[in-house]
Amino acid sequence: MRPGKVADAAGTSTRAPSAARRSLRRHWQLYVMLSVPLLWFVVFKYVPMVNAVIAFKQYNVVDGIWGSDWVGLANFQRFFDNPVFGRIVSNTFLLSVYAVLAGFPIPIILALAINEVRLRFFAKTVQLVTYAPFFISTVIIVSMTILILSPRIGLMSDVFGFFGADDPNILGDPNAFRHIYVWTDVWQTAGYSAVIYLAALAGIDPTLYEAARVDGANRLQKIINVDLPGIAPTAVIILILGVGNVMSLGFEKAFLLQNPLNLSQSEVIATYTYKVGLINADFSLASAIGLFNSVINLVLLLTVNKVAKRVTGSGLW
Amino acid sequence: MVGVYVLLVTALVIVLVPLVYIVASSFSSPAAVSAGRVFLWPVDPTLRGYEVALSNSAILTGFANSVFYTLAGAAISVTLTIMIAYPLSRPDLWGRTVITKAVVFTMLFAGGIIPTYLVVQALGLLDTRGALLLPQAIGVWQVIIAIAFLRSSIPEELHEAAAIDGASDLRILFTVVLPLAKPLIAVIALMYGIAQWNSYFDALLYLRDPDLAPLQIVLRNILVLNTSGGSTDAAAMMERQQLANLLKYSLIVIATVPLLLVYPFVARYFTKGILVGAVKG
């Protein structure tokens, strides 16, 4: 919280204090340089963590964070008792799990396919093109989705028209929201994620391929026995990160894709927090929801990491 | 083998068709767009959509603001990132591990929207340009990438040689490290710049003044909320509606083209950047 905290914590390490003093004297310029960004971390990251105590208070502007009354877990209770609680938690959870499950295998398949191609030019082109949507902003992605799916004039209505069917109002269908969210996400990020797997594939020991060839392995056997084990550690890390982020689902996209018709499935924790906090100005309740979310997220990440380490031997740390 | 090519060509088509459709529509006549007659090639080609977009003052202000936020944001972010990553990349800096852990911890746990909002408010940043430049100035991911780069690509012997010659840490940074770190600076400047150009949430939270709004907010108002694109013609409702539809396609192209133009030139560096992050992360 204060700059002193870092020094206190470091002081308890096993290094002799004289080493500290020597390092400070020799590298004082580095410490001065470091102090500016550290101050930034204190102000914009650690102070908000302390500010999160308003989740346990009845915050009012006049008394400020520390002057407001403590109310214990009342704000959390209000959230749990609210009829929307079950719905937004399950919306967030289902949407995230769907996104992880759909988004995980496709970049791997894409990378394996690009890796098989002998024509360098074609492989590079596929990589460059599939990677490009990653740079498009969320606002634009959502606008494109709306324009393409809009009834009568969008690209989708051409497709339905081609088959002689009436185009449905996909954007207004609550059950379509998850599919739209997840598959536009895959469209946007699959090429980007594939790059990471391509790098892992490039790092596989060439002698393994020679051995496979000597053993008479065909293409598919080579992929199954050499490629997949080779990228497994990378895949585990990416999966852990994905699961760890399950609850912290991107606010922007869900918020932009929302409309009154699909709200029953598109209201997620992040969008609800925004509405409670900044539109209804109920800072304490919004902070309680945010804190609930952060804690679940942290617990999920730690658990998945532990499980992955036990099962596969590789994890984030 | 044929299967692989079929798969990849399918992937190409899936990625390209929506993009080509948007571009083709943006060059088509308002009537053709509104009638849904455009597929992958412009119908009755015209630049009308671009004329309307570029004569709209909100869009121009947003564009200029975004250019400013992108350049200023990247400059601030790169400076701060080097200021933290260089000291933390030095093996003999006492306290390095604890500080690194405290920094990485902020990736795992955050105070939340409202507690952060209160900080921005307390600093008096609400409704100022600073609100878009400061709260997101440092990215932990970029710090990790920078530390990994500085440690792996700049030989320790260079530091030692410079230190023996009596150079101070600052001098070593400016005369030895930074000239060798140009690829790193390019990568993180682009990451920060693109994030700023595309960012939308911070402006939604912290800005009310339309004169400060970045392009993404203007886009959202026109594209998603469907508020009038400001066609000033007093023409018939029908024509205005058609023009508003066309404007959306042209706007998407205008907001995306700058990024897609620089992208092929920087993709190489970018790939290296993610790789360092992925390997060390």
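Residues numbered from 1 in each chain as written. Chains lettered and ligands numbered in written order. Predicted model: local features only at pLDDT ≥ 70, side-chain atom pairs only at ≥ 80, totals over all residues. Heavy atoms only, no water.

- Under an unreviewed UniProt entry, the name given to chain B is Carbohydrate ABC transporter permease, and the organism recorded is Kineococcus endophyticus.
- UniProt, in the comment section headed Subcellular location (unreviewed entry), describes chain B in these words: "Cell membrane". (UniProt positions renumbered as here; feature names shortened; annotations may be inferred.)

1. As for the overall build of chain B
Argument step 1. Of regular secondary structure, chain B possesses 14 helices and zero strands.
Argument step 2. Traced from its N-terminal end to its C-terminal end, chain B shows the element sequence α-α-α-α-α-α-α-α-α-α-α-α-α-α.
Argument step 3. Against the globule reference of 19 Å for 281 residues, chain B gives a C-alpha radius of gyration of 24 Å, more extended than a compact globule.
Argument step 4. Oriented by its inertia axes, the alpha-carbon framework of chain B measures out at about 75 × 60 × 35 Å.
Argument step 5. By the burial criterion, 53% of the 281 residues in chain B qualify as buried.
Argument step 6. Summarising the internal contacts of chain B: among those between residues at least 6 apart in sequence, 71% fall at separations of at least 24. (Helix = DSSP H or I, 4+ residues; strand = E, 2+ residues; numbered from the N terminus. Rg over C-alpha atoms; globule rule 2.2 N^0.38 Å. Buried < 20%, exposed > 50% of the residue type's maximum accessible area, 1.4 Å probe, protein only. Contact = heavy atoms within 4.5 Å.)

2. A few points about the packing of aromatic side chains
Argument step 1. All chains considered together, the criterion is met by 27 aromatic pairs over all chains.
Argument step 2. A ring pair is formed by Tyr-59 of chain A and Phe-283 of chain A, whose centres lie 5.6 Å apart and whose planes are at 10°; its orientation type is stacked. In this pair, Tyr-59 of chain A is assigned in the loop between β1 (57-58) and α4 (64-67) and Phe-283 of chain A in helix α17 (residues 283-312), connecting sequence segments 224 residues apart.
Argument step 3. For Phe-283 of chain A, a relative accessible area of 14% gives the class buried.
Argument step 4. Seen in terms of ring centroids, Phe-105 of chain B and Phe-109 of chain B are 6.2 Å apart; in terms of plane orientation they differ by 25°. Their pairing is stacked.
Argument step 5. Take Phe-109 of chain B: its relative accessible area is 15%, and that puts it in the buried class.
Argument step 6. The cationic tip of Lys-57 of chain A hangs over the ring face of Trp-70 of chain A; the distance from NZ or CZ to the ring centre is 4.4 Å.
Argument step 7. Above the face of the Tyr-181 of chain A ring, Lys-253 of chain A is positioned so that its terminal group lies 4.7 Å from the ring centre. (Phe/Tyr/Trp six-rings, centres within 6.5 Å; stacked < 30°, edge-to-face > 60°. Lys NZ or Arg CZ within 6 Å of the ring centre and 35° of its normal.)

3. Some remarks on the interface of chain B and chain A
Argument step 1. With 89 residues of chain B at the interface, the matching set in chain A holds 89 residues.
Argument step 2. Of the roughly 8300 Å² buried between chain B and chain A, counting both surfaces, carbon and sulfur atoms make up 79%.
Argument step 3. Of all residues in chain B, the largest losses of buried area upon contact with chain A belong to Trp-94, Ile-114 and Tyr-263 of chain B, amounting jointly to 10% of the total for that side.
Argument step 4. Taken together, chain B and chain A are joined by one salt bridge.
Argument step 5. Its salt-bridge partner being Asp-92 of chain B, residue Arg-26 of chain A comes within 3.6 Å of it at the nearest N-O pair.
Argument step 6. For the interface between chain B and chain A, the tally reads 16 residue pairs in polar contact (both at pLDDT 80 or more). (Buried area = accessible area lost by both parts, 1.4 Å probe. Salt bridge = Lys/Arg side-chain N within 4 Å of Asp/Glu carboxyl O. Polar contact = N/O pair within 3.5 Å; in protein donor to acceptor, adjacent residues only side chain to side chain.)

4. A few points about the packing of helix α11 (residues 177-202) of chain A against helix α13 (residues 219-244) of chain A
Residues and elements named next belong to chain A.
Argument step 1. Packing of α11 against α13 leaves a shortest axis separation of 9 Å and a crossing angle of 140°. Relative to α13, the element α11 lies oblique. Between α11 and α13 the crossing geometry is right-handed. The residues of α13 that touch α11, namely those facing Ile-196, Tyr-197, Ala-200 and Leu-201, are Asp-227, Ile-231, Thr-234, Ala-235 and Ile-238.
Argument step 2. Here the residues of the contact of α11 with α13 sort into seven nonpolar, one polar and one charged. (Axes fitted to C-alpha atoms, helices over the stretch in contact; angles between N-to-C directions. Parallel < 35°, antiparallel > 145°, perpendicular 65-115°, else oblique. Left-handed = near helix turned anticlockwise from the far one by under 90°. Nonpolar A, V, L, I, M, F, W, Y, C, P; charged D, E, K, R; others polar.)

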